[in-house]
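# Architecture at a glance
In case you want the letters, here they are:
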Amino acid sequence: MSSTIQAVRGMNDILPDEAPLWEFFEDTVRDWVRGFGYRPIRMPLLEKTDLFVRSIGEVTDIVEKEMYTFVDALSGESLTLRPEGTAACVRAALEHNLLYGGPQRLCYAGPMFRHERPQKGRYRQFHQLGVESLGYAGPDMDAEHLVMVARLWKTLGLTEISLQINTLGSAPARARHRARLIDYLSAHLEALDEDARRRLHTNPLRVLDSKNPAMQELIEGAPRLLDELDEVSLKHFEELQAILRQVDIPFEINPRLVRGLDYYNFTVYEWVTTKLGAQGTVCAGGRYDGLVEQLGGKPTPACGFAMGVERLISLLREAGGLPETSVLDGYVVHQGARADAFAWAVAESLRDAGLRVVYHCGGGKFAAQMRRADGSGARYAVIVGDDEAACQEVSLKPLRALEAQARVSVQEAADIMRSGRQISAAQAGAAP
Ligand code: HAM
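Below, the structure is looked at part by part. Residue numbers restart at each chain and count upward from 1, following the sequence in its written direction. The model is predicted, so local features are restricted to residues of pLDDT at least 70 and side-chain atom pairs to those at 80 or more, both for listing and for counting; the totals for chains, interfaces and linings are taken over all residues. In computing side-chain properties, one takes all heavy atoms of the structure into account and sets aside hydrogens as well as water.

### Thoughts on the nonpolar core
The set of buried Ala, Val, Leu, Ile, Met, Phe, Trp, Tyr and Cys residues whose side-chain atoms join them within 4.5 Å is what this entry labels a nonpolar core. Only protein chains enter the accessibility calculation, which uses a 1.4 Å probe; a residue whose area is less than 20% of its type maximum is buried, one above 50% is exposed, and one in between is partly exposed. If you look at the biggest cluster of nonpolar residues, it comprises 39 residues, and the most contacted ones within it are Phe25, Trp32, Trp153, Trp271, Phe305 and Met307. Note on conventions: DSSP H or I runs of at least 4 residues are helices, E runs of at least 2 residues are strands, and numbering of each starts at the N terminus. Here this core gets eight residues from one element, more than from any other, and that element is helix α5 (residues 139-156). Among the nonpolar cores identified, the runner-up in size contains 35 residues, and Met43, Leu51, Val268 and Tyr288 belong to it.

### A word on the packing of helix α1 (residues 19-35) against helix α11 (residues 309-318)
Structural elements are reduced to axes, namely lines fitted to C-alpha atoms, with helices fitted over the stretch in contact, and the angle between N-to-C directions of any two is expressed from 0 to 180 degrees. Where α1 contacts α11, the axes come no closer than 10 Å and their chain directions differ by 110°. Comparing their axes, α11 and α1 come out roughly perpendicular. Side by side, α1 and α11 meet where Leu21, Trp22 and Phe25 of the first sit next to Val309, Glu310, Leu312, Ile313, Leu316 and Arg317 of the second. Gly is placed with the polar residues, together with every amino acid not listed as nonpolar (Ala, Val, Leu, Ile, Met, Phe, Trp, Tyr, Cys and Pro) or charged (Asp, Glu, Lys and Arg). For the contact of α1 with α11, a count of residues per class yields seven nonpolar, no polar and two charged. Every angle not falling under 35 degrees, over 145, or within 65 to 115 is termed oblique; those three ranges are roughly parallel, roughly antiparallel and roughly perpendicular. We call two residues in contact when some of their heavy atoms are within 4.5 Å.

### Describing the pattern of salt bridges
Any Lys or Arg side-chain nitrogen located within 4 Å of an Asp or Glu carboxyl oxygen qualifies as a salt bridge. Overall, the coordinates contain 29 salt bridges when judged by the stated rule. As a salt-bridge pair, Asp61 and Lys65 come within 3.7 Å of each other at their nearest N and O atoms. In this pair, Asp61 and Lys65 both sit in helix α3 (residues 61-66), four residues apart, roughly one turn of the helix. By relative accessible area, Lys65 is classed as partly exposed at 47%. Taking the shortest distance from any N to any O, the salt bridge between Asp142 and Arg287 comes out at 2.9 Å. Remark: Arg287 occurs in strand β10 (residues 281-287) and Asp142 occurs in helix α5; sequence separation between them is 145 residues. For the pair formed by Asp142 and Arg287, the shared burial category is buried. Members of the salt-bridge network, linked through shared partners, are Asp61, Glu64, Lys65, Asp195, Arg198, Arg199 and Arg206.

### Some thoughts on the pairing of strand β11 (residues 302-308)
With respect to burial, β11 is a largely interior element, seven of its seven residues being buried. Going residue by residue along β11, you find Ala302, Gly304, Ala306 and Gly308 tucked away on one face and Cys303, Phe305 and Met307 tucked away on the opposite face as well. Pairing between strands is defined by DSSP: at least two bridges between them are needed. Bridging between β10 and β11 involves five bridges; their strand directions are antiparallel. Counterpart to Cys283 in the pairing with β11 is Met307.

### Some points on the environment of Val53
Considering the arrangement of structural elements, one finds Val53 in helix α2 (residues 49-56). Along the primary structure Val53 and Glu64 are separated by 11 residues, whereas in three dimensions their C-alpha atoms are 9.0 Å apart. When sequence neighbours within four positions are dropped, the list of residues in contact with Val53 reads Glu58, Val63 and Met67.

### Here's the deal with the site of the ligand
Looking at the ligand, there are 25 residues lining it, with Glu84, Thr86, Glu116, Glu132 and Tyr264 nearest. Measuring from a nitrogen atom of the ligand, one finds a side-chain N or O atom of Glu84 at 2.6 Å. A 3.5 Å cut-off defines polar contacts: any pair of N or O atoms within that distance qualifies, except that in protein one atom must be a possible hydrogen donor and the other a possible acceptor, and neighbouring residues in sequence count only when both atoms are side-chain atoms. The contact in question runs from a nitrogen atom of the ligand to an N or O atom on the side chain of Tyr264, over 2.6 Å. Its free accessible area being 650 Å², the ligand has 96% of it covered by the protein chains. Nearness here has a simple test: a residue counts as near a molecule or strand if at least one of its heavy atoms is within 4 Å of that partner. All accessible-area figures derive from a Shrake-Rupley calculation using a 1.4 Å probe, and residue coverage is judged against the displayed protein chains alone.

### Overview of the sheet that holds strand β12 (residues 330-335)
Across the sheet, which stays open at both edges, the five strands sit in the order β13-β12-β14-β15-β16 with mixed pairing between neighbours. With partners counted over all chains shown, the strands left at the sheet margins are β13 (357-359) and β16 (406-409), one partner each. Mean inter-strand twist for the sheet, computed between neighbouring axes without regard to direction, equals 30°. Summarising the sheet, β12 and β13 pair through three bridges and their orientation is parallel. Residue pairing for β13: Gly330 is matched across the bridge by Val357. Lying over the sheet, helix α15 (residues 410-419) contacts β12, β14 (380-385), β15 (393-398) and β16, oriented at roughly 110° with respect to β16.

### Brief notes about the side chain of Ser210
Examined against the element boundaries, Ser210 turns out to sit in the loop between α7 (194-202) and α8 (216-220). Judged by its relative accessible area of 17%, Ser210 is buried. One polar contact links the side chain of Ser210 to the main-chain amide nitrogen of Asn212, over a distance of 3.0 Å. Once residues within four sequence positions are removed from consideration, Ser210 is found in contact with Asp193, Met215, Gln216 and Ile219.

### Some points on the packing of α2 against helix α4 (residues 86-95)
At their nearest, the axes of α2 and α4 sit 9 Å apart, and the two run at 110° to each other. Judged by the inter-axis angle, α2 sits roughly perpendicular to α4. Residue-level inspection shows Leu51, Phe52 and Ser55 of α2 in contact with α4, the latter providing Ala87, Ala88 and Arg91.

### Looking at the packing of aromatic side chains
Each aromatic pair joins two rings of Phe, Tyr and Trp (for Trp, the six-membered one) with centres within 6.5 Å, and gets the label stacked for planes under 30 degrees apart, edge-to-face for over 60, and tilted for any other angle. Applying the stated criterion across every chain yields a total of five aromatic pairs. Taking 6.4 Å as the distance between ring centres and 50° as the angle between the ring planes, the aromatic pair formed by Trp32 and Phe305 counts as tilted. Of this pair, Trp32 sits in helix α1 while Phe305 sits in strand β11, placing them 273 residues apart in sequence. For Phe305, a relative accessible area of 2% translates into the label buried. Each ring, one from Trp344 and one from Tyr359, has its centre 3.7 Å from the other, and the planes form 15°; the classification is stacked.

Below you can see the structure in the form of structure tokens.
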């Protein structure tokens, strides 16, 4: 016997039992982004590697060790499965001159790929829902994004997600902070782990992001960017906070929040929950005013965020998942040469009436077909025997209620199934 082939580690199937919750989330999100005037954009899963190296940053975990990169044997080009959506979204906006039409509110959803160590809430193929606003400089747009996300949590009934914000300041403020940080870390070289030593001169800010317990004390004492902020950065940050207070969105300032991608400046934030263990960040983003220019466009301020769909699905599942609803209205059971032919027409008429109906395939005895009908979760078995077919009728049997079955016309069956009304005594009396 040949061995079975399994999915790639860290890449999950979303099985039919779970898919309805995903669809519920996707439907909710589609309405939500529309409600704020965001327009959908879809980018390819593959991009040129250079796009991510230039935008996310050469000395980041993502670019250094997590990208699925390969050389296309046909073109010789280095390609990468997208690890995130912002870079590709900006690339697409530039390539198609979207910004000539003025500022853009864009959103996208889909799988992203990072070669991380798989664990609960961290996968190699995962899904993001992302929002990007290109061409908006003020803190009002940062606030709009936070207002949006807060509304989504409310719509989904998710509590216990809190907001942490920080500012990374402007380029000169970051340069000043960087110099002080390098001095400080160099003075404590013996306490740095290998990763931190390597990053000391290339990306010292990321040293502050280390989870190594042995370095936490050192990190606590490090110079804070907040103390270096110039007036412009501070004003932006304070205005954002003022709006958040005004619209009643609670937040906490976390001066250690630095994010793992290099394109950010000014505002950065994470929405975190304690309900998912180590992978508690369900949504993250911030401002990236330099990225459009870095990718070859005119200087254009921008900001955005992305949420991890798997993590939100986990939260929704924990909160009770979907209310129990039957996905199927009817299951058409049929037996006899005449009945088989009529049953096709019955199923189509019921579908014309907007009902969700399965036509039994595979033949078999009546009792076996009824067991399938029951197992399908349908609300009704729609029974067609040669007798019914001769009269152009069906026998309608409620499967989830203690009601008698009734012999009715196809039109009556559709009315009863659609309205969910009880089968009347007269109809029930007419049953064979
Ligand atoms: P990020 O923080 O790398 O930001 O990812 C955003 C969210 O995606 C995370 O907060 C998390 O919920 C989810 N996520 C990330 N990696 C994984 C993984 N391996 N498994 C499961 N979920 C994961 C970005 O990607 C930026 N592009 C966000 C952004 C948009 N900033 C501005 N605009």
